[in-house]
Amino acid sequence: MQKLVLVGGGHAHLHVLNQLRENQIKGVEITLLSPSKYQYYSGMFSGYTEGFYTEDQMKVDLEQLAAEAGSAWLQGAVTSVDPVRKTLRTEQGESFAFDVVSFDVGSMMAGMKTPGAETYALPIKPNFRFVEAVEEARRAQRVLVVGGGAAGIEISASLHAWRQKHEMHGVVTLVSAGPLLEQKKQRITSKMEHLLQQKGMDVRTNETITRIDKNSVITSTDQSIGFDALIWLTGPEAPDLFKHSDLPVDEKGYLLVENTLQVGEFPFIFGAGDCITLINHPDIDKAGVYAVKQGPVLYENLKAFFENGKKETFVPQNKYLSILSIGNGEGFLLYGNLSLHGKIAWHIKKRIDTNFVKQYQA
Ligand SMILES: Cc1cc2nc3c(=O)[nH]c(=O)nc-3n(C[C@H](O)[C@H](O)[C@H](O)COP(=O)(O)OP(=O)(O)OC[C@H]3O[C@@H](n4cnc5c(N)ncnc54)[C@H](O)[C@@H]3O)c2cc1C
């Protein structure tokens, strides 16, 4: 029996497991390793925060999915890989041998080295920590969300809407180092800022947090902002595990893979999702949509590796649809430089997200 280890229950691995439910790979023993039995789907985080979804609706039971796929599930966070000995090490000091390994471990949160962030920011990653963080932020008097990208906007706006519905006093403040949705055209960033301000949120742009103390942060313009709960959503950062392994990484520490999702030097090592950089497309966003689209290529190529079949290549799309949930059942749809705001956008998002996650639930 050959050993395939899937590390992390990210989007692409969900697809691989789903395929294995019906099309098992003969002569291969599969193990899924992840720190939690559950995978939480980030596309539904904002809807959960606003109270539209229950926890059960947005999570996938990895142990059960693995069992249905004929795979074992073991709890463990991988901390390093030895590509020569073909072994993995976990946080608990265990060692796992593999013939083929695939990584879909997501990313970490950037900026956590800001003094005080590790101590005072509510941890969100890995994603199973999200529910606890939201519970705390809902109850807090003053909530501060840091990060003016899609995640920061969605979570601050959804928290604001939830708190209004539950007649909670106290303000939700969103702080962004640049303009909101910085990579978009100015027309879009201004529209978003205006919408959030209209809802009564305190939005502060072009302010970088330089220090965090117990109940306040200091910004680059020497302002002090008080908080009782702090959520840090400043974008992705490479996980440490590849930096601690003898593997090719880009300058940020993401695993470098070919278009077949394999490491060139070690073709028995695969990767997908936020944790990789494609050598031929190094600039694509770290977004769930790419992790989802890589799933079918990853499954076919893992199978082809064992069966000496033909490999597929992953070609990322130039533009992708993203819909931000901005509270009160409103969505903000973005496609390239197009934007559309309203209830219809939220309903499209709801349909896409619920259909996605249902495929992997019991
Ligand atoms: C609040 C928020 C909202 C977002 N909303 C959207 C959205 O609407 N649309 C969108 O496209 N993107 C969204 N994103 C970005 C999206 O979450 C990521 O791009 C996406 O989750 C990446 O998917 P992935 O498959 O790479 O990994 P993930 O979905 O992060 O899954 C990683 C898995 O690996 C496990 N893991 C982590 N470390 C280890 C380890 N060391 N060993 C073993 N297992 C490990 C985790 O527990 C988890 O099971 C959002 C992000 C946030 C923070």
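Above: the structure in question.
Residues numbered from 1 in each chain as written. Predicted model: local features only at pLDDT ≥ 70, side-chain atom pairs only at ≥ 80, totals over all residues. Heavy atoms only, no water.

Draft legend 1. Spatial organisation of the packing of aromatic side chains. Within the structure shown, the criterion is met by 11 aromatic pairs. On the numbers, 5.1 Å between centres and 40 degrees between planes, the contact of Phe 52 with Trp 346 is tilted. On the criterion of sequence distance, the pair formed by Phe 52 in the loop between helix H2 (45-50) and strand S4 (59-61) and Trp 346 in helix H9 (residues 343-358) is long-range, its members being 294 residues apart. Accessibility expressed as a relative area gives 35% for Phe 52, which makes it partly exposed. Considering the side-chain rings of Phe 103 and Phe 242, the 5.2 Å spacing of their centres and the 85 degrees angle between planes classify their relative orientation as edge-to-face. (Phe/Tyr/Trp six-rings, centres within 6.5 Å; stacked < 30°, edge-to-face > 60°. Helix = DSSP H or I, 4+ residues; strand = E, 2+ residues; numbered from the N terminus. Buried < 20%, exposed > 50% of the residue type's maximum accessible area, 1.4 Å probe, protein only.)

Draft legend 2. Local environment of a nonpolar patch on the surface. Together, Leu 321, Tyr 335, Leu 338, Ile 344, Ile 348 and Ile 352 line one region of the surface with nonpolar side chains, adding up to about 550 Å² of accessible area. If one sorts the elements of the nonpolar patch by residue count, H9 sits on top with three residues. For Ile 348, the location among the structural elements is in helix H9. (Patch = residues over 30% accessible without salt bridge, like charges linked within 9 Å, V, L, I, M, F, W, Y side chains within 5 Å. Areas by Shrake-Rupley, 256 points an atom, 1.4 Å probe, with all protein chains shown as cover. Salt bridge = Lys/Arg side-chain N within 4 Å of Asp/Glu carboxyl O.)

Draft legend 3. Seen up close, the nonpolar core. Membership of the largest hydrophobic core comes to 108 residues, with the highest contact counts inside it found for Leu 88 and Phe 103. Among the elements that make up this core, the one with the highest residue count is helix H8 (residues 288-307) (six residues). Not counting the four nearest positions on each side in its chain, Leu 88 is found in contact with Val 5, Val 7, Leu 33, Val 78, Ser 80, Val 81, Glu 94, Ser 95, Phe 96, Phe 98, Val 101 and Phe 103. (Core = buried A, V, L, I, M, F, W, Y, C linked by side-chain atoms within 4.5 Å. Contact = heavy atoms within 4.5 Å.)

Draft legend 4. Region of interest: the packing of helix H1 (residues 11-22) against H8. Two numbers describe how H1 lies on H8: the axes approach to 7 Å, and their chain directions differ by 40 degrees. For the element pair H1 / H8, the angle class is oblique. Two packed elements cross with a definite hand, and for H1 against H8 that hand is right-handed. The segment H1 lies against H8, with His 11, Ala 12, His 13, His 15, Val 16, Gln 19 and Leu 20 engaging Gly 288, Ala 291, Val 292, Gln 294, Gly 295, Pro 296, Leu 298, Tyr 299 and Leu 302. The residue inventory of the contact of H1 with H8, partitioned by class, reads nine nonpolar, seven polar and no charged. (Axes fitted to C-alpha atoms, helices over the stretch in contact; angles between N-to-C directions. Parallel < 35°, antiparallel > 145°, perpendicular 65-115°, else oblique. Left-handed = near helix turned anticlockwise from the far one by under 90°. Nonpolar A, V, L, I, M, F, W, Y, C, P; charged D, E, K, R; others polar.)

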